[in-house]
Amino acid sequence: MTDHPDLQAYYPFSRLGRLLDGLAPGRSPADDGAPILLSIGEPQHQPPKFVAEEIARHAAGWSRYPPARGTEAYREAATAWLLRRYGLPPSAAATGGMLDPARALLPLPGTREGLFFAALATIPRSSNGQRPVVLIPNPFYHVYAGAALAAGAEPVFVRATRETGFLPDFAALDPALLERTAYCTLCSPSNPQGAAASLEQLQELITLARRHDFVVAFDECYAELYNDRPPTGAVEAAAALDGSLDRMLVFHSLSKRSSAPGLRCGFAVGEPGLVDALGGVLQVGGAGVPLPTLAAGTRLWQEQDHVERNRAHYRANFAVAERVLGNRFGFRKPDGGFFLWLEVGDGEAAAVELWRSAGIKVLPGAYMCAEDEGGENPGNAYIRVALVYDRDVTEAALGRIGEVL
Ligand SMILES: Cc1ncc(COP(=O)(O)O)c(C=O)c1O
């Protein structure tokens with residue numbers, strides 16, 4: 001076991017558990033004084049009622065193993081959503097088209113499973129005779145690093161800080177490193193900073209991946225939660241570039257869009273060969289999406305009203321944050337997602353103080369980052385705050401954060 005990679009190395013919640021272990025929470029500003037958990041990005045409101053109804057209606061499906069490629073209805077509903085969301089013509093989804101649902105789309109339990117298994121499915125043992133490199137934005141969602149380690153690759157963390165517009169500049173890396181790169185992930189809108197890549201930035205990355213022959217995984221699980229403008233998607237960028245998804249896998253899910261992280265329902269869309277590779281690995285060591293879940297997911301991708309309400313909920317919370325925090329802690333309204341990325345001086349000390357004196361749990365920014373070559377952790381000064389509660393709790397919690405820090 002000694003040379004086994006530590007897949008927990010970058011798992012932030014174990015570290016947060018150790019940081020707060022044995023520390024009693026203070027009384028929070030919630031009505032009952034109970035702790036307010038702003039550390040985890042878990043929507044606190046319910047998905048539409050029809051989810052339970054669809055699942056009940058398709059209960060006979062529980063006795064069957066999930067089909068590897070899901071159902072035709074699910075693949076078509078997800079593809080139709082892609083066309084609507086990104087303003088693409090129906091011809092893109094025709095047989096042999098870029099988004100042909102039979103070849104380009106794979107139902108998945110979520111982006112998390114997809115991102116983990118995609119690394120295992122596509123990263124070779126060696127890249128130009130050397131240990132393959134996986135490029136990861138810094139800060140990052142922990143799965144990117146865990147997946148790279150599980151695949152035996154070397155994670156290389158690329159700064160996505162205020163100076164770089166909170167997005168990584170992969171094109172600026174040493175060409176020798178890019179030659180060793182087998183895989184790369186971009187999250188847009190990003191967690192935790194909420195920065196959305198432009199059409200040009202997405203196209204630049206797609207072009208870079210093809211030039212250096214690496215796979216690029218686009219994590220777009222926050223694509224429907226945005227403040228001012230719908231963020232551009234990788235599929236949209238590829239359609240405008242040359243109509244091909246070569247070297248690309250794009251991940252979407254209902255967890256944030258439909259407030260249903262427990263449903264475990266999403267998909268990957270991409271180059272058919274990569275989709276096949278991912279599907280093959282899942283068939284051996286993973287799980288598909290159960291039939292009743294696919295039925296509920298089909299309805300959710302078809303329905304947009306609940307998404308508009310959901311987006312309005314988060315927008316209202318960001319408006320509260322803007323009013324309560326003003327320009328403190330480097331506050332900026334993010335392009336998308338539901339997090340605040342606040343510069344508080346010492347993120348770990350702030351997390352301890354907020355827990356002990358105000359019963360508010362937040363995540364130290366350092367736990368979402370890796371040290372760079374200079375030994376510096378770009379998240380040290382930050383905390384991540386998830387705005388997932390209702391407006392009143394959000395307002396009370398942010399007010400207390402302002403007082404305590
Ligand atoms: C950036 C990012 N990617 C992926 C996920 C996983 O989401 P899913 O429920 O779709 O697996 C999360 C969840 O918090 C996330 O923040």
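Residues numbered from 1 in each chain as written. Predicted model: local features only at pLDDT ≥ 70, side-chain atom pairs only at ≥ 80, totals over all residues. Heavy atoms only, no water.

Participant: I'd love a proper account of the domain arrangement of the protein, names of residues and values included.
Facilitator: Its domain assignment divides the protein into domain 1 (12–46 + 306–404) and domain 2 (59–302). One C-alpha centre belongs to domain 1, the other to domain 2; they are set 27 Å apart. Every contact between the two is made by 32 residues of domain 1 and, on the other side, 30 residues of domain 2. Each partner contributes to the roughly 2,800 Å² buried at the junction of domain 1 and domain 2, and carbon and sulfur atoms together form 52% of this total. For the domain 1 face of the interface with domain 2, the top three residues by lost area are Arg311, Asp335 and Met368, together amounting to 19%. Linking domain 1 with domain 2 are 4 salt bridges. With a closest N to O distance of 3.1 Å, arginine 162 and glutamate 343 form a salt bridge. Seen at the junction of domain 1 and domain 2, the total is 22 residue pairs in polar contact (both at pLDDT 80 or more). The biggest single contributor to the side of domain 1 that touches domain 2 is helix H13 (residues 305–325), with 7 residues. (Domains from an automatic or database assignment. Contact = heavy atoms within 4.5 Å. Buried area = accessible area lost by both parts, 1.4 Å probe. Salt bridge = Lys/Arg side-chain N within 4 Å of Asp/Glu carboxyl O. Polar contact = N/O pair within 3.5 Å; in protein donor to acceptor, adjacent residues only side chain to side chain. Helix = DSSP H or I, 4+ residues; strand = E, 2+ residues; numbered from the N terminus.)

Participant: Quick one: what's the story with the environment of tyrosine 382, residue by residue and with numbers?
Facilitator: Relative to the assigned elements, tyrosine 382 resides in strand S12 (residues 382–386). Take tyrosine 382: its relative accessible area is 7%, and that puts it in the buried class. As a C-alpha pair, tyrosine 382 and glycine 330 span 52 residues in sequence and 9.8 Å in three-dimensional space. Leave out the neighbours within four places in its chain, and tyrosine 382 touches Arg162, Phe166, Trp341, Leu342, Glu343, Val344, Gly347, Leu363, Pro364 and Gly365. (Buried < 20%, exposed > 50% of the residue type's maximum accessible area, 1.4 Å probe, protein only.)

Participant: How would you sum up the sheet that holds strand S9 (residues 339–343)? Please name residues and give values.
Facilitator: Within the open sheet, the 3 strands sit side by side as S9-S12-S11. Their pairing is antiparallel. The sheet is open, and its two borders are formed by S9 and strand S11 (363–364), each paired with just one other strand. Relative to S12, S9 runs antiparallel, the two being bridged by 5 bridges. Within the sheet, the bridge partner assigned to phenylalanine 339 lies in S12 and is alanine 386. Packing against the sheet, helix H14 (residues 347–358) makes contact with S11 and S12, and its axis sits at approximately 45° to S12. (Pairing = 2+ DSSP bridges. Axes fitted to C-alpha atoms, helices over the stretch in contact; angles between N-to-C directions.)

Participant: Hey, could you go over the layout of surface pockets for me, with residue numbers and the actual values?
Facilitator: Space inside the largest pocket adds up to approximately 500 Å³. Lining the largest pocket are 28 residues, and of these Ile40, Gly41, Arg112, Tyr141 and Lys256 sit closest to its centre. Contributing elements (two or more residues each) for the lining of the largest pocket: helix H1 (12–20), helix H5 (111–122), helix H6 (142–150) and helix H10 (254–257). Classifying every residue of the lining of the largest pocket by side-chain character gives 14 nonpolar, 8 polar and 6 charged. Summarising the domain contributions, the lining of the largest pocket has at least three residues from each of domain 1 (12–46 + 306–404) and domain 2 (59–302). Reported here for the second largest pocket is a volume of approximately 240 Å³. (1 Å grid on protein atoms, 1.4 Å probe; cavity = no way out; pocket = protein on both sides within 12 Å on 5 of 7 lines; lining within 4 Å. Points joined across faces, edges and corners; volume = space filled by probe spheres on them. Nonpolar A, V, L, I, M, F, W, Y, C, P; charged D, E, K, R; others polar.)

Participant: Before we move on, can you summarise the site of the ligand with the specific residues and values?
Facilitator: Close to the ligand lie 15 residues, the nearest being Thr111, Asp219, Tyr222, Ser253 and Ser255. The contact in question runs from an oxygen atom of the ligand to an N or O atom on the side chain of serine 253, over 2.7 Å. In the environment of the ligand, an oxygen atom lies 2.8 Å from a nitrogen or oxygen atom belonging to the side chain of arginine 264. In isolation the ligand exposes 390 Å². Once the protein is present, 91% of that is buried. (Near = heavy atom within 4 Å. Areas by Shrake-Rupley, 256 points an atom, 1.4 Å probe, with all protein chains shown as cover.)

Participant: Describe the nonpolar core, naming the residues involved and giving the relevant values.
Facilitator: The nonpolar side chains of soluble globular proteins are, as a tendency, buried together. Grouped together as the largest cluster of nonpolar side chains are 61 residues, with contacts concentrated most on Leu99, Leu135, Phe218 and Val269. Ranked by the residues each element gives to this core, the list is headed by helix H3 (residues 72–86), at 7 residues. Split by domain, this core shows at least three residues from each of two domains, domain 1 (12–46 + 306–404) and domain 2 (59–302). (Core = buried A, V, L, I, M, F, W, Y, C linked by side-chain atoms within 4.5 Å.)

Participant: Outline the pairing of S12, listing residues and values.
Facilitator: The element S12 is largely enclosed, with a buried count of 5 among its 5 residues. One ladder, built from 2 bridges, connects S11 with S12; its direction is antiparallel. Across the sheet, the residue bridging to proline 364 is isoleucine 383, located in S12.

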